[in-house]
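Structural description and commentary
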Amino acid sequence: MSHLIGLVGVPGSGKSHMARSARDCGPTAVAITYPKELSFYGPGSTLVWDDEWRPHLGAGKGNKATGWLSLLRWTEAQQKGDAKFVVYDTGTEATKLAEHEYLKLQNVFAPGELDYGRGYTGPESLIWGLVTEWRRLVVSGKTVIVTFHGAMKEMEGGGTPRKVRNMSGEEE
């Protein structure tokens, strides 16, 4: 039976260790979106990141983003691959790839530079596209494991969660 598994925790809490353990259970394909994680996985992992996203160089030079489309192509290739387990470490950085892709198309570097929240809603639609691809992998019989870094203060109980309003406008 296949599953979509999300592992959320603070850095150092064992998310990557758990994801790496999939290799003990069968053929595993691994996409690394955070270069530091590559040394923990060793040979056979694929590094996907935006090495040319360099805001200090300015628009036209520093906003080259190729990681998002590379990650989607890699994900598509896993549909036909022989891996039983497909690991994304980290999903947090995959969301940054989506953000870079969207901001590149808008010729800006920060979501706040766009009007009316477009800098946040645009990447979100891209991310949901990736979630759909993860579900396709699950339907094809593969188990997908994605790690996410949680906000340390809130996960450790030291921060105050942001108050939100429910559908009737009341604070929760």
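Scroll up to find the structure.
Residues numbered from 1 in each chain as written. Predicted model: local features only at pLDDT ≥ 70, side-chain atom pairs only at ≥ 80, totals over all residues. Heavy atoms only, no water.

**A short note on the packing of helix α3 (residues 67-80) against helix α4 (residues 91-106)**
It is at 7 Å that the axes of α3 and α4 come closest, and there the two elements cross at 125°. Here α4 runs oblique to α3, going by the angle between their axes. Within the contact between the two elements, α3 uses G67, W68, L69 and L71 and α4 uses A94, L97, A98 and E101. For the contact of α3 with α4, the residue count by class is 6 nonpolar, 1 polar and 1 charged. (Axes fitted to C-alpha atoms, helices over the stretch in contact; angles between N-to-C directions. Helix = DSSP H or I, 4+ residues; strand = E, 2+ residues; numbered from the N terminus. Parallel < 35°, antiparallel > 145°, perpendicular 65-115°, else oblique. Contact = heavy atoms within 4.5 Å. Nonpolar A, V, L, I, M, F, W, Y, C, P; charged D, E, K, R; others polar.)

**Section: the pattern of salt bridges**
Within this structure, the stated rule accounts for 3 salt bridges. Between K96 and E99 there is a salt bridge, with the nearest N and O atoms lying 3.0 Å from each other. In this pair, K96 and E99 are both assigned in helix α4, 3 residues apart and thus about one turn of the helix distant. Overall, K96 belongs to the partly exposed group, its relative accessible area being 35%. The shortest N-O distance in the salt bridge between E133 and R136 comes to 2.4 Å. One end of the pair is E133 and the other is R136, both in helix α5 (residues 118-139) and 3 residues apart, which spans about a single turn. (Salt bridge = Lys/Arg side-chain N within 4 Å of Asp/Glu carboxyl O. Buried < 20%, exposed > 50% of the residue type's maximum accessible area, 1.4 Å probe, protein only.)

**Quick notes on the environment of L97**
Note that L97 resides in helix α4. Residue L97 is classed as buried on the basis of its relative accessible area, which comes to 3%. Separated by 31 residues in the primary sequence, L97 and T66 have C-alpha atoms spaced 8.2 Å apart. If near-sequence neighbours (up to four positions away) are discounted, L97 is found in contact with T33, V48, W49, D50, G67, W68 and L71.

**With respect to the packing of aromatic side chains**
Within a pair of aromatic rings, the relevant descriptors are the distance that separates the centres and the angle that separates the planes. One pass over the structure, following the stated rule, counts 3 aromatic pairs. Geometrically, the ring pair formed by W53 and F109 is edge-to-face, given 5.3 Å between the ring centres and 65° between the ring planes. Taken together, the residues span a long stretch of sequence, with W53 in the loop between β3 (45-47) and α3 and F109 in the loop between α4 and α5 at a distance of 56 residues. (Phe/Tyr/Trp six-rings, centres within 6.5 Å; stacked < 30°, edge-to-face > 60°.)

**Looking at the nonpolar core**
One finds L71, Y88, W134 and V144 to be the most contacted residues of the largest nonpolar core, which totals 19 residues. Of all the elements in the fold, those that place two or more residues in this core are β2 (28-32), α3, β4 (85-89), α4, α5 and β5 (143-149). The biggest single contributor to this core is α5, with 5 residues. If you look at the next biggest cluster of nonpolar residues, it comprises 9 residues, including I32, Y41, V87 and I145. (Core = buried A, V, L, I, M, F, W, Y, C linked by side-chain atoms within 4.5 Å.)

**Some points on the sheet that holds β5**
Taken in spatial order, the 5 strands line up as β1-β5-β4-β2-β3 in an open sheet, and their pairing is parallel. Two strands lie at the open edges of the sheet, namely β1 (4-9) and β3, each paired on one side alone. This sheet shows a mean twist of 15° between the axes of neighbouring strands, independent of strand direction. As judged from the 4 bridges shared by β4 and β5, these two strands associate in the parallel manner. By the bridge assignment for β5, Y88 is matched with V146. (Pairing = 2+ DSSP bridges.)

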